[in-house]
Amino acid sequence: MTDDVLLHARGLTKSFGDFTAVDGIDVQVMRGEAFGFLGPNGAGKSSTMKMVGCVSPVSGGELRILGMDPAADGPAIRARLGVCPQQDMLDEDLSVEENLWVYGRFFGLSRREVRARTDELLDFAQLTERRHDRVEPLSGGMKRRLTIARALVNNPEVLLLDEPTTGLDPQARHVLWDRLYRLKREGVTLIITTHYMDEAEQLCDRLVVMDHGRIVAEGSPRELIDTYSTREVVELRFAVDEQEQHVDAVRAVAERVEELPDRLLVYTADGDDTLAALHGRGVRPLSSLVRRSTLEDVFLHLTGRSLVD
Ligand SMILES: Nc1ncnc2c1ncn2[C@@H]1O[C@H](COP(=O)(O)OP(=O)(O)OP(=O)(O)O)[C@@H](O)[C@H]1O
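Treat the numbers as computed from the prediction; the structure is a model and nothing was measured. (Residues numbered from 1 in each chain as written. Predicted model: local features only at pLDDT ≥ 70, side-chain atom pairs only at ≥ 80, totals over all residues.)

**Comments concerning the site of the ligand**
Link 1 in the chain: Taken together, the residues surrounding the ligand are Phe16, Phe19, Ala21, Gly39, Asn41, Gly42, Ala43, Gly44, Lys45, Ser46, Ser47 and Glu163.
Link 2 in the chain: Contributing elements (two or more residues each) for the shell around the ligand: strand S2 (19-30) and helix H1 (45-52).
Link 3 in the chain: Sorting elements by how many residues they give to the shell around the ligand places H1 first, with 3 residues.
Link 4 in the chain: Class assignment for the residues of the shell around the ligand results in 4 nonpolar, 6 polar and 2 charged. (Near = placed C-beta within 6 Å. Helix = DSSP H or I, 4+ residues; strand = E, 2+ residues; numbered from the N terminus. Nonpolar A, V, L, I, M, F, W, Y, C, P; charged D, E, K, R; others polar.)

In structure tokens:
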């Protein structure tokens, strides 16, 4: 294993009694990467992150972080990690800057070091003007940015982000993504869990798709889409109760069709050609939309289910 491998997992398993939440996964994350775990709720992403964050013991298999074993070297690993858990866990009665101070002191930084770092982190989190405000009334996006700033207090080499934008509105998500791009440019390795395919596509250089504790595919977003989907997808919506009667005609012109309750997804290299062929066969949907394939299509192909089910 080289120094460039920041995370190495082989057969990594997490069990809760008889239940196996993470079922023997193999993963390698390289220094400087933005690496994602994409999967629906319950896939085992948080359980994996907690083992990587050294807050939950490994049940089986091998795990090395920064070349060290969490069972033996937990504190040494944690000192070089930043962790953003799913819940912000800020001290809401303290001010923005006090939250950073408390955390810095917790990491054993001197008062002087913490204060110097605070200015930098408030600037990074775009919270300088709110530094004296109590945390409680801040928006969800601001609290998330403060949580990330707090996780950066110890200048970590790796930042773990568990569902970083869940619950945020679109604008707040984009601000947060922008901050994460910046960290990536600065060389921080990002390990991200998400059930948002657009987040995985935007942020991740490489990712694994997880389902029921297992990895079902691995690659860059582009590679996964090229391997498991077609270039384009045509979405067809029909009048109530009419979808069923068109399915055979649609299947006759496309190699793959997925039936969702409210629409048909037609997988094709060229959406406009497919629409013309459907028209020729007398298929008249209420609406049609041609779009490019996404990781959502990859997940549907691999599992037969939608990520947001
Ligand atoms: N402490 C626990 N005890 C028992 N079962 C657990 C525990 N923690 C997680 N699980 C179960 O393990 C499975 C995986 O949970 P996990 O939180 O890792 O999934 P996830 O992919 O992160 O989903 P989510 O986004 O909902 O957190 C779920 O079925 C969950 O109920």
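**Describing helix H5 (residues 140-151)**
Link 1 in the chain: Here H5 is 12 residues long and its end C-alpha atoms lie 17 Å apart, about the 16 Å a rise of 1.5 Å per residue gives.
Link 2 in the chain: For H5, the complete set of buried residues consists of Lys143, Arg144, Arg145, Leu146, Thr147, Ile148, Ala149 and Arg150.
Link 3 in the chain: Packed against the buried residues of H5 are strand S5 (81-84), helix H3 (96-106), helix H4 (111-124) and helix H6 (170-185). (Expected span 1.5 Å × (residues − 1). Buried ≥ 20, exposed ≤ 12 C-beta atoms within 10 Å, placed from the backbone. Contact = placed C-beta atoms within 7 Å.)

**Side note on the pairing of strand S9 (residues 214-219)**
Link 1 in the chain: As paired strands, strand S8 (residues 206-211) and S9 are joined by 5 bridges and run antiparallel to one another. Bridge pairing links Leu207 to Gly219 in S9.
Link 2 in the chain: From the end of S8 to the start of S9, which pair antiparallel, there are 2 residues, and His212 there has a positive phi angle of about 50 degrees. (Pairing = 2+ DSSP bridges.)

**Observations concerning the sheet that holds strand S1 (residues 5-16)**
Paired through backbone hydrogen bonds, the strands of a sheet run either parallel or antiparallel to each other.
Link 1 in the chain: The strand order S2-S1-S4 describes an open sheet built from 3 strands, whose pairing is antiparallel. The open sheet terminates on both sides in strands that have one partner only, identified here as S2 and strand S4 (60-65). The sheet shows a mean angle of 15 degrees between the axes of neighbouring strands, taken without regard to direction.
Link 2 in the chain: Of the pairings in the sheet, the one linking S1 to S2 comprises 9 bridges and is antiparallel in character. Bridging from a neighbouring strand, Leu12 pairs with Ile25 of S2. (Axes fitted to C-alpha atoms, helices over the stretch in contact; angles between N-to-C directions.)

**Quick look at the nonpolar core**
Link 1 in the chain: Residues Leu160, Ile191 and Val209 are the most contacted members of the largest nonpolar core, which totals 63 residues.
Link 2 in the chain: The leading source of residues in this core is S2, at 5 residues.
Link 3 in the chain: Apart from the residues lying within four places of it in its own chain, the contact partners of Ile191 are Leu7, Val29, Phe35, Val52, Val158 and Leu160.
Link 4 in the chain: Membership of the second largest hydrophobic core comes to 13 residues, among which are Val233, Leu236, Val250 and Val266. (Core = buried A, V, L, I, M, F, W, Y, C linked by C-beta atoms within 7 Å.)

**A closer look at unusual backbone geometry**
Link 1 in the chain: Its identity is not glycine, yet Gln126 carries a phi of approximately 55 degrees, on the positive side.
Link 2 in the chain: Summarising the element assignment, Gln126 is placed in the loop between H4 and H5.
Link 3 in the chain: The exposure class assigned to Gln126 is partly exposed, which follows from the 15 C-beta atoms found within 10 Å.
Link 4 in the chain: Despite not being glycine, His212 shows a phi value in the positive range, around 50 degrees.
Link 5 in the chain: Mapped onto the fold, His212 is located in the loop between S8 and S9.

**Topic: the sheet that holds strand S13 (residues 287-292)**
Link 1 in the chain: Spatial strand order, S11-S12-S10-S13: 4 strands in an open sheet with antiparallel pairing. Each edge of the sheet is formed by a strand with only one pairing partner; in this case those strands are strand S11 (256-260) and S13. When strand polarity is set aside, the average angle formed by the axes of neighbouring strands in this sheet is 20 degrees.
Link 2 in the chain: By the bridge criterion, 5 bridges tie strand S10 (residues 232-237) to strand S12 (residues 263-268) in an arrangement that is antiparallel. Bridge assignment links Val234 to a residue of S12, and that residue is Val266.

**A few points about the environment of Ala43**
Link 1 in the chain: Structurally, the position occupied by Ala43 is in the loop between strand S3 (34-38) and H1.
Link 2 in the chain: The class for Ala43 is buried, based on 25 C-beta atoms found within 10 Å.
Link 3 in the chain: Counting along the chain gives 33 residues from Ala43 to Arg10, while the straight-line C-alpha distance between them is 18 Å.
Link 4 in the chain: Not counting chain neighbours up to four residues away, the residues in contact with Ala43 comprise Met210, Asp211 and His212.

**Some points on the confidence of the model for the protein chain**
Link 1 in the chain: Chain-level pLDDT for the protein chain is 93 on average; 99% of the residues reach the 70-or-more range.
Link 2 in the chain: Reported confidence for the predicted complex is 0.95 by ipTM and 0.91 by pTM. (pLDDT = per-residue confidence, 0-100.)

**Comments concerning the domain arrangement of the protein chain**
Interfaces are often described in size by the accessible area the parts lose on coming together.
Link 1 in the chain: Domain annotation of the protein chain identifies domain 1 (5-219) and domain 2 (230-292).
Link 2 in the chain: On a C-alpha basis, the centroid separation for the pair domain 1 and domain 2 is 40 Å. (Domains from an automatic or database assignment.)

**Comments concerning helix H10 (residues 271-280)**
Link 1 in the chain: Listed in full, the buried residues belonging to H10 are Gly271, Thr274, Leu275 and Leu278. The arc that holds the buried residues of H10, viewed along the axis, is 100 degrees, so those residues lie on one side. In H10, the exposed positions that point more than 90 degrees away from the buried face belong to Asp272, Ala276 and Gly280.
Link 2 in the chain: Directly after H10, the chain includes Gly282, whose backbone phi takes a positive value near 80 degrees. (Arc of directions from axis to C-beta.)

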